Amino acid sequence: VTKTYKFRNGDALLHKTHRHEPPVFGDVVVVGSTASILAISKPPSLPMHPCGSYRANSLEYVMHNDPQFASWLEEGEDHKLHIVHRLDRVTSGL
């Protein structure tokens, strides 16, 4: 549309915003696993779940979309992702 276009009844305005997520540094490392538990170590810049300005750069998103976790998550009904405790974004550990 031009700068002089006047909106009329029934017109729709769509506004898209493109945002860049803050970077995260480090790798998600599998520390151990059993038939029903997967223990991982996360880097300090990675949030546990999508929140704020983080969507794809979250542990939950990484685990659902990274090939290294795909085989474990697809092994059956018992292998659903449940975060059992939450570490802050700035905290690293298991």
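See the structure above.
To keep things clear, this report deals only with the structure shown in the data block. (Residues numbered from 1 in each chain as written. Predicted model: local features only at pLDDT ≥ 70, side-chain atom pairs only at ≥ 80, totals over all residues. Heavy atoms only, no water.)

**Here's the deal with the nonpolar core**
- V28, L38, I40, L46, M48, L59, M63, F69, W72 and L73 form the largest nonpolar core, which has 10 residues in total.
- Among the secondary structure elements, those contributing two or more residues to this core are β2 (38-41), α1 (59-65) and α2 (67-73).
- The element that contributes the greatest number of residues to this core is α2, accounting for 3 residues.
- Apart from the residues lying within four places of it in its own chain, the contact partners of L38 are V30, G32, S33, M63, F69 and W72. (Core = buried A, V, L, I, M, F, W, Y, C linked by side-chain atoms within 4.5 Å. Buried < 20%, exposed > 50% of the residue type's maximum accessible area, 1.4 Å probe, protein only. Helix = DSSP H or I, 4+ residues; strand = E, 2+ residues; numbered from the N terminus. Contact = heavy atoms within 4.5 Å.)

**Looking at the environment of I40**
- Here I40 is to be found in strand β2.
- By relative accessible area, which is 11% here, I40 ends up buried.
- Remark: the alpha-carbon pair of I40 and V29, spanning 11 residues in sequence, is separated by 5.5 Å.

**Focus: the side chain of S45**
- Looking at the element boundaries, S45 is found in the loop between β2 and α1.
- S45 gets classed as buried once you look at its relative accessible area, which sits at 13%.
- One polar contact links the side chain of S45 to the main-chain amide nitrogen of F25, over a distance of 2.6 Å. (Polar contact = N/O pair within 3.5 Å; in protein donor to acceptor, adjacent residues only side chain to side chain.)

**Some thoughts on the environment of H20**
- Looking at the element boundaries, H20 is found in the segment before β1 (29-33).
- For the pair H20 and Y54, spaced 34 residues apart in the sequence, the C-alpha separation amounts to 9.0 Å.

**So, the packing of aromatic side chains**
- Taken as a whole and assessed by the stated rule, the structure comprises 1 aromatic pair.
- Judged by centre distance (5.5 Å) and plane angle (85 degrees), the rings of Y5 and F7 are edge-to-face. (Phe/Tyr/Trp six-rings, centres within 6.5 Å; stacked < 30°, edge-to-face > 60°.)

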